[in-house]
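Geometric and topological summary
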Amino acid sequence: MNINEIRHQFPVLDQQVYGKPLVYLDNAATTQKPLCVIERERDYYLHENCNIHRGVHYLSQKATEAYEHARQTVADFIHAKEAREVVFTRGTTESLNLLATAFEHLLLSTPNSQLSIDSQPSTLNSQLKVLVTAMEHHSNLVPWQQMVQRHQGQLLVVPMDDSGTLDLEQYEKLLKEGPMVVSIAHISNVLGTINPVKEMAKMAHDHGIPVVVDGAQSIAHHPIDVQDLDCDFFVFSGHKMYAPMGIGGLYGKAEWLEKLPPYQFGGEMVDTVSFEKTTFNVLPYKFEAGTPNVGAALGLETAIQFLQSLDRDAVEKHETQLLQSAIQQLSAIEGIRFIGEAEQRSGLVSFIVDGIHPYDLGTIIDKMGVAVRTGHHCAEPVMTRFGIPGTVRASFALYNTLEEVEIFVKAVQRAAMMLR
Ligand SMILES: Cc1ncc(COP(=O)(O)O)c(C=O)c1O
């Protein structure tokens, strides 16, 4: 991997903040965009902009073709069986809200709280439960929580140990309580833990329970094969994988997407409409009401092509090196406590330094040019679990360098000295 060449493709990285070269280590929040992605979106608005699917004219057909091509590219990238199993959404949050709402509506139309592809109204179970883990981002917690609470149901939570590793024995026990759906982060955005989602999907399927995988933090770092994971749903955001904001996806096994009712209603998702009755469009359009973000979808396709143009094994190796180097150097800082030390981890390091508020530390190293995130990272229950107000989180992308890691650690050392 030629990092310098790669960095040239990300102009935003080449700037000074407060007179210091920018060291951008907030990639778990959002990644920067390569020129090819920016150009692709620009090009769409310069030459192709048109509303899709509804026009007979040249531009509309061209934009429709490009949009559907992008869908196929996403499907291939995550190894979906068919393009119709990929629904474009605004991102992970919208995908999860879509699922929570669709499952709720399916439940209301099927008096059965434990659903499977062939569940019949006769297998009635009145106690609605959804199973999540103790390390979920609010996006994979609140939609399910609100949904179960509307029905006096219960959110079941898989606990984790002090290293940030899920307790699979407890998981197995909770599965026996018959949750309607299991929804788990592939990689925790606070702890960096890589959860064994393939194994967890198999365990859930043994109980006939469908599995949602929140891939927001995994898709940029690791090749995704939804058929190999055998998850029923996989959700992700484009902006965390070098694509524009406002685009993301929901993969669902076709049988499940066929079974779930639509999430939003309006143009494009319908087949026939009268005042008495509406019938719905086929997959994936049933879930894509209204005008989509076509330009961003094309940008997402270009981001995928950008990733595919690189040696992904080398990228993974490089990112692992960055993480290991950060952990090793940070370990020397007096009073440091890592939050998240699971054996299988990736992409980021979270920590606090004894007696220093993460916010103060983050603010001081910002003035040294280093961008990290501080706070609860939209995962307040994780902070409660570890009894802390927040963490400092440095998260890595393929364009970061070992020199940047060094600058970051030195900045933390200096800030810690100043704040003590
Ligand atoms: C694990 C995880 N899930 C969900 C989300 C929400 O993603 P978005 O804000 O792009 O919808 C994030 C964002 O940080 C995340 O890290």
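The coordinates are above.
Residues numbered from 1 in each chain as written. Predicted model: local features only at pLDDT ≥ 70, side-chain atom pairs only at ≥ 80, totals over all residues. Heavy atoms only, no water.

All residues in the neighbourhood of the ligand are listed as Thr92, Thr93, His137, Ser139, Asn189, Asp214, Ala216, Gln217, Ser237, His239 and Lys240. One of the side-chain nitrogen or oxygen atoms of aspartate 214 is found 2.6 Å away from a nitrogen atom of the ligand. In the model, an oxygen atom of the ligand is placed 2.7 Å from a nitrogen or oxygen of the glutamine 217 side chain. For the ligand, the protein covers 85% of the area, taking 390 Å² as the surface of the free molecule. In a pocket analysis with a 2 Å cut-off to the grid points, the ligand is assigned to the largest pocket. Grouping the constituent residues of the shell around the ligand by class yields one nonpolar, eight polar and two charged. (Near = heavy atom within 4 Å. Polar contact = N/O pair within 3.5 Å; in protein donor to acceptor, adjacent residues only side chain to side chain. Areas by Shrake-Rupley, 256 points an atom, 1.4 Å probe, with all protein chains shown as cover. 1 Å grid on protein atoms, 1.4 Å probe; cavity = no way out; pocket = protein on both sides within 12 Å on 5 of 7 lines; lining within 4 Å. Sits in = over half its atoms within 2 Å of the grid points. Nonpolar A, V, L, I, M, F, W, Y, C, P; charged D, E, K, R; others polar.)

In terms of nonpolar packing, the biggest core is built from 78 residues, with Phe234 and Tyr242 touching the most fellow members. A total of nine residues in this core trace back to one element, the largest contributor, which is helix H10 (residues 294-308). (Core = buried A, V, L, I, M, F, W, Y, C linked by side-chain atoms within 4.5 Å. Buried < 20%, exposed > 50% of the residue type's maximum accessible area, 1.4 Å probe, protein only. Helix = DSSP H or I, 4+ residues; strand = E, 2+ residues; numbered from the N terminus.)

Glancing now at the layout of surface pockets. Taken as a whole, the largest pocket spans an internal volume of roughly 430 Å³. Lining the largest pocket are 25 residues, with Thr93, His137, Ser139, His239 and Lys240 positioned closest to its centre. Those elements giving two or more residues to the lining of the largest pocket turn out to be helix H4 (92-109) and strand E16 (373-375). Among the elements that take part in the lining of the largest pocket, H4 stands out by supplying four residues, more than any other. Its residues assigned to classes, the lining of the largest pocket shows six nonpolar, 13 polar and six charged. (Points joined across faces, edges and corners; volume = space filled by probe spheres on them.)

If you trace the four strands from one edge of the open sheet to the other, you get E13-E14-E17-E16, paired in antiparallel fashion. At either end of the open sheet lies a strand with only one pairing partner, and these are strand E13 (336-338) and E16. When strand polarity is set aside, the average angle formed by the axes of neighbouring strands in this sheet is 30°. The pairing of E13 with strand E14 (residues 348-353) spans three bridges and is classified as antiparallel. Bridging from a neighbouring strand, arginine 337 pairs with isoleucine 352 of E14. Where helix H11 (residues 312-330) meets the sheet, it contacts E13 and E14, and its direction lies at approximately 15° from that of E14. (Pairing = 2+ DSSP bridges. Axes fitted to C-alpha atoms, helices over the stretch in contact; angles between N-to-C directions. Contact = heavy atoms within 4.5 Å.)

Strand order in the open sheet formed by seven strands is E4-E10-E9-E8-E7-E5-E6, with mixed pairing between adjacent strands. Both outer strands of the open sheet, strand E4 (86-89) and strand E6 (154-158), are each paired with one neighbouring strand and no more. Ignoring which end each strand starts from, the neighbouring axes of this sheet average 20° apart. For E4 and strand E10 (residues 248-252), the ladder comprises four bridges, and the chain directions are antiparallel. When the sheet's bridge partners are listed, valine 86 is paired in E10 with tyrosine 251. Lying over the sheet, helix H6 (residues 168-175) contacts strand E5 (129-133), E6 and strand E7 (181-185), oriented at roughly 155° with respect to E6.

The subject of this paragraph is empty space enclosed by the protein. In this structure the tally under the stated criterion is one cavity of 30 Å³ or more. Counted as a void, the largest cavity has a volume near 60 Å³. Lining the largest cavity, in full, are Asn27, Ala28, Thr31, Ile187, Gln217, His221, Ser346, Gly347, Leu348, Ser395, Phe396 and Ala397. When grouped by side-chain class, the residues that make up the lining of the largest cavity number five nonpolar, seven polar and no charged.

Tallied over the entire structure, the rule returns 19 salt bridges. With its nearest N and O atoms 3.0 Å apart, the salt bridge here joins arginine 84 to glutamate 258. Highlighted residues: arginine 84 in the loop between helix H3 (58-77) and E4 and glutamate 258 in helix H9 (residues 254-259), separated in sequence by 174 residues. When its relative accessible area of 31% is taken as the criterion, arginine 84 is described as partly exposed. For glutamate 104, the salt bridge is made with arginine 150, and the minimal N-O distance between the two is 2.8 Å. (Salt bridge = Lys/Arg side-chain N within 4 Å of Asp/Glu carboxyl O.)

Within E7, five of the five residues are buried, which leaves it mostly tucked inside the rest of the structure. Of the two faces of E7, the one holding Val181, Ser183 and Ala185 and the one holding Val182 and Ile184 are both buried throughout. Summarising the sheet, E5 and E7 pair through two bridges and their orientation is parallel. In the sheet register, leucine 131 faces E7, and the bridge partner there is valine 182. Bridge analysis of E7 against strand E8 (residues 211-214) gives four bridges, and the strand direction is parallel. Bridge pairing links serine 183 to valine 212 in E8. Where the polypeptide runs from E7 across helix H7 (residues 197-206) and back to E8, its parallel neighbour, the crossover connection is right-handed. (Right-handed = clockwise from strand over helix to strand, strands pointing away.)

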